[in-house]
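# Coordinate inspection notes
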Amino acid sequence: MSPPVLSARGLRVEGPGGAVLVDGVDLDLRRGEVLALVGASGAGKSLTGLALVGLVPPPARAAGGTVSLDGVTLPGEAGWRAVRGARIGVVPQDPAAALDPVRRVGDQLAETLRAHTSLGRAAARERAREMLAEVGVTRDDYPHRLSGGQRQRALIAMALGPAPGVLIADEPTASLDAAVQVGVLDLIDRRRAGLGLAVLLISHDLGAVARLADRVAVMEGGRIVETGEARVVLGAPAHPRTAALVAGVPRVRRGGGARTPTMSTPVLEARGLVREYPSRRGRPAVRALDGVDLTVGEGEVVGLVGASGSGKTTLGRLLLRLDTPTTGSARVAGVDVATATGDELRTVRRTVQPVFQDPYLSLDPRLSVGASIAEPMAIHGIGGANWRQRRAHRRARVAELLRAVGLDPATALTLPAGLSGGQRQRVALARALALDPRVLVLDEPVSSLDAATGARMIALLGELREARGLAYLLISHDLATVAAVADRIVVMHEGRIVEEVAPAALLASPAHPATRALAEAAQALSLAPWA
Amino acid sequence: MSAALRAVRRGAVHLGPAGVAGLVVLALVVLACLLGPIVSPYGVDEIDLVARNQGPGWAHPFGTDDLGEDMLTRVLSAGRVSLVVGLATALVATVAGAGLGLVAGWWRGWVDAGLSRLTDLVLIVPAFVILIVLSLSFERVGVPQVVLILSLLSWPPLFRLARASAMRTAETPYVAAARVAGAGGGRIVARHLLPAATPEIAAFAALAVGTAILSESALSFLALGLDPQRTLSWGGLMVGAPDTIEERPWLTVFPGLMIVVTVLAVSLVGDAVRRSLGPRDAAASAARAMRPW
């Protein structure tokens, strides 16, 4: 076996107050190998990656351990600057935040090249253009005009520009939809094969890991608890933590599970919905929604899937009255959402409630959990004639709702800052249930959570549905998640609904090309081949 | 008693050493200005021709002026006026500026367009031109007039700060959730937008106290502000500086020092408040979370 390119011994990172965040991590990364670092959120994966290049962000600090590159302890005589970028490339987590918004990606890539190579300005620019084309970014433009996948590709080009021997990729596919994820992962794989690159892939997404990694290291609480061949670790996990992670990955099931759609009274109804964003500064008008008809019946779970930008979220916003349609109507419990006022509007509010994607932005960081959950009830003045009764009622309800979503009622007094992503999402769910709605619009409720947490959240949604007879409009780009719970799946593509079938039929014989693309991507990222 | 002590200690930890130092200095200045003139053996306008033009010494720590009036007593008495003007101006400017800013940031549209153009207008016209014109247009310039004039000039930055913060917060999912729950604009502004903007507003409001004290001094120095014969402020004390600074510097240096010390202390406190209210500092706001909903 070849000696490791990059190896770490006893890496240790401490947080403020001496909390140990990374606790004695040993890693070896060989040429041409992909080592995946997996684990739940907060396990210390990202910090380990940053510690390898001496970039532990304050207030945390590196508290020990050595990193060596080709047998030389880092930082070498020339210091970190000679290592970062030139010999160890880093692909950061959030492509939108990692790029300079006011410069074209080509210029940013050229700057990287000039910092690490002896290329002149014009030569660097030329080389940057070539490299962007190689990774599949066909036009050099400002980051906000590129798609999420293109931004991530540009960042990979930037990390690989100075031809480093090691690439550290921190959740390179976290914010991308499945088809784009596959493309980005394959790009990293090609580079690994072509250049003999050693890759450290940090991810909570076991589907991505299974596709790319040779070896897997599982982290929990700042330690590596299991290491081994990817196939072995993911196929037959030895450590209970790994087993929990693997068990949490939603699997695509074919046949079975799907209920026969029952004809019930519609609780959400869209008729010919069009949402057009007017043209600005010479750019043509954009039709985010182009004549959408959709019905969600009482107690029914409808999955709404589609690639990023297909109009899923816009549809959800119109049904929630967060946006107004250009033409067409959105009805909730028979009331037109856009024009409702007074009592009718109150009916709408009490019928449909939302859960959003980002658990970190879904709760006001300054309000206690109890205050957030109680807010809808306070707005509607529920629970008695005078405020004393109402407050007592709200307290009782908050405790009851917290128990219903599987949290300790004592959580009511804490601030969201002390909660994990999964806990926050449960609090957001409890708030959505506060008005006893009949339907929830769930906009990517689990895509920011790691697999195990997401699976528990999905299970909770199932229980709540049984217990309360709720209907869901479940919006997601992840076919596997949706197929596991939905009675009916609706596929959106470029603002239109292109297919509407039972989950089993959808996976067996996707009719529309957009559906096929989603199904193929879901299959490519699944741990087990489809049964 | 020990509970109160613990609360004080917790507050001190949140503010940090710089904030505590600022607060202590500010408290000393306020206390001195309140009590000083009362306990002083000299009256504010007590003339003692025997003790004219004395430098700092045991009997008169800040010296005396050409009528033998005790400068320490005069500085502390003038401090009452300067502090009141500074605090009142910051209060009026903050309530008006931040209030309008939150309204503009939430409702947008023509409300925002109108208010923003108005702020632009105030910002582009040179401040001192407005100051001079306004102070000349009043028949008699007293404390309320000075506060009004200075507030008119101080609210635009607070407006912009609050407006930008409101616009940012309005985009968050938690505000969307509140809207879907049926919250009206007033509730969202009070419950979500205002608390999110508070740290920045508090820091800037503290700066506004300092700026107001300085501007008031400048106005008085130019004889456009309060009449030193009637209402003495720190700026008013320095009116004679051009003639006296060389032979009797204590007449100017001590009121000037008071201004510098006060403004510094106020901005230390403001900075500490901003840091301690920041949402990232979970421990700092833990105490507030205990408030029942």
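Structural data are supplied above this passage.
It should be emphasised that the depicted structure is a prediction, and the values quoted were computed from it without experimental measurement.

### As for the overall build of chain B
Summing up its helical and strand segments, chain B has 11 helices and 0 strands in all. Beginning at the N terminus, the succession of helices and strands in chain B can be written as α-α-α-α-α-α-α-α-α-α-α. When contacts within chain B are restricted to residue pairs at least 6 apart in sequence, long-range pairs at least 24 apart make up 71% of them.

### A short note on the overall build of chain A
On a plain count of helices and strands, chain A comes out with 18 helices and 20 strands. In terms of overall dimensions, chain A is globule-like: its C-alpha atoms have a radius of gyration of 25 Å, near the 24 Å expected for 531 residues. Dimensions of chain A, computed from the C-alpha atoms along their principal axes, are close to 75 × 55 × 45 Å. Within chain A, residue pairs in contact and separated by at least 24 positions form 69% of the contacts whose partners lie at least 6 positions apart.

### A closer look at the sheet that holds strand E15 (residues 335-336) of chain A
Residues and elements named next belong to chain A. Within the open sheet, the 4 strands sit side by side as E12-E11-E14-E15. Their pairing is antiparallel. Strands at the two margins of the open sheet, each flanked by one partner only, are strand E12 (286-297) and E15. Alignment of strand E11 (residues 266-277) against E12, held across 9 bridges, turns out to be antiparallel. Looking at E12, one finds that Glu269 is bridged to Thr295. This element, helix H10 (residues 312-319), spans E11, E12 and strand E14 (327-332) of the sheet and lies at about 120° to E11.

### Some remarks on the sheet that holds strand E18 (residues 471-476) of chain A
All names here are of chain A. Here we have 6 strands laid out as an open sheet, ordered E16-E17-E18-E13-E19-E20, and mixed in their pairing. One side of each edge strand has no neighbouring strand; the edge strands of this open sheet are strand E16 (352-355) and strand E20 (496-501). For this sheet, the mean inter-axis angle between neighbouring strands, taken without regard to orientation, is 20°. In the sheet, strand E13 (residues 301-305) pairs with E18 via 5 bridges, with the strands oriented parallel. Its bridge partner being in E18, Leu304 is matched across the sheet by Ile475.

### Description of the packing of helix H6 (residues 178-195) of chain A against helix H18 (residues 513-524) of chain A
All names here are of chain A. One can describe the packing of H6 onto H18 by two numbers: an axis separation of 8 Å at closest approach and a directional angle of 50°. By the criterion of interaxial angle, the relationship of H6 to H18 is oblique. Crossing angle aside, the handedness with which H6 passes H18 is left-handed. The residues of H18 that touch H6, namely those facing Ala178, Ala179, Gln181 and Val182, are Ala517, Leu518, Ala521, Ala522 and Ala524. Residues that form the contact of H6 with H18 fall into these classes: 8 nonpolar, 1 polar and no charged.

### Here's the deal with the pairing of strand E8 (residues 198-202) of chain A
Residue and element names in this part refer to chain A. Burial analysis of E8 places 5 of its 5 residues in the buried class, the great majority of the element. Because side chains alternate across E8, one face comprises the buried residues Ala198, Leu200 and Ile202, and the other comprises Val199 and Leu201, equally buried. One ladder, built from 5 bridges, connects strand E7 (residues 166-170) with E8; its direction is parallel. Opposite Asp170, over in E8, you have Ile202 as the bridge partner.

### Quick word on the interface of chain B and chain A
The interface of chain B with chain A comprises 22 residues on the first partner and 30 residues on the second. When residues of the side of chain B that touches chain A are traced back to their parent elements, those giving at least two are helix H6 (173-180), helix H7 (185-221) and helix H11 (282-289) of chain B. Ranked by residues supplied to the side of chain B that touches chain A, first place goes to H6(B) with 7 residues. Taken together, the residues that form the side of chain B that touches chain A break down as 16 nonpolar, 4 polar and 2 charged.

### Observations concerning the packing of helix H5 (residues 148-160) of chain A against H6(A)
All names here are of chain A. It is the contact of H5 with H6, at a shortest axis distance of 10 Å, that shows an interaxial angle of 15°. Between H5 and H6, the crossing angle belongs to the class labelled roughly parallel. You can see that H5 and H6 cross each other, and the crossing is right-handed. Of the residues in H6, those in contact with Gly148, Gly149, Gln152, Arg153, Ile156 and Leu160 of H5 are Val180, Gly183, Val184, Leu187, Ile188 and Arg191.

### Re the nonpolar core
Among the nonpolar cores identified, the biggest contains 243 residues, and Val209(A), Leu319(A), Leu473(A) and Leu474(A) are the most heavily contacted of them. The element best represented in this core is H7(B), accounting for 16 residues. Among residues more than four places away in sequence, those in contact with Leu474(A) are Val301(A), Val302(A), Gly303(A), Leu304(A), Leu442(A), Val482(A), Val485(A) and Ala486(A).

Cut-offs and rules
- Here the residue index of a chain counts from 1 through its sequence in written order.
- Throughout, the order in which chains and ligands are written sets their labels, letters from A for the former and numbers from 1 for the latter.
- Given that this is a predicted model, residues contribute local features only at a pLDDT of at least 70 and side-chain atom pairs are listed and counted only at 80 or more, while totals for whole chains, interfaces and linings are drawn from all residues.
- Per the convention used, a helix needs a DSSP run of H or I reaching at least four residues, while a strand needs a run of E reaching at least two, with both numbered from the N terminus.
- Once C-beta atoms have been placed from the backbone, residue pairs whose C-beta atoms lie within 7 Å are recorded as contacts.
- The globule rule used here is 2.2 Å times the number of residues to the 0.38 power, and the radius of gyration it is set against is calculated over C-alpha atoms.
- For two strands to be treated as a pair, DSSP must find no fewer than two bridges joining them.
- Each axis is a line fitted through C-alpha atoms, taken for helices only over the stretch in contact, and angles between the N-to-C directions span 0 to 180 degrees.
- Orientation labels follow simple angle bins: below 35 degrees gives roughly parallel, above 145 gives roughly antiparallel, 65 to 115 gives roughly perpendicular, and whatever is left gives oblique.
- If you view the pair so one helix is near and one far, a crossing is left-handed when the near helix is turned anticlockwise from the far one by less than a right angle, and right-handed when it is turned clockwise.
- The nonpolar class holds Ala, Val, Leu, Ile, Met, Phe, Trp, Tyr, Cys and Pro. Asp, Glu, Lys and Arg form the charged class, and all remaining residues, Gly among them, are polar.
- Put simply, a residue is buried when 20 or more other C-beta atoms lie within 10 Å of its own C-beta and exposed when 12 or fewer do; between those, it is partly exposed, and each C-beta is set from the backbone.
- For our purposes the nonpolar core covers buried Ala, Val, Leu, Ile, Met, Phe, Trp, Tyr and Cys residues that link as a set through C-beta atoms within 7 Å.

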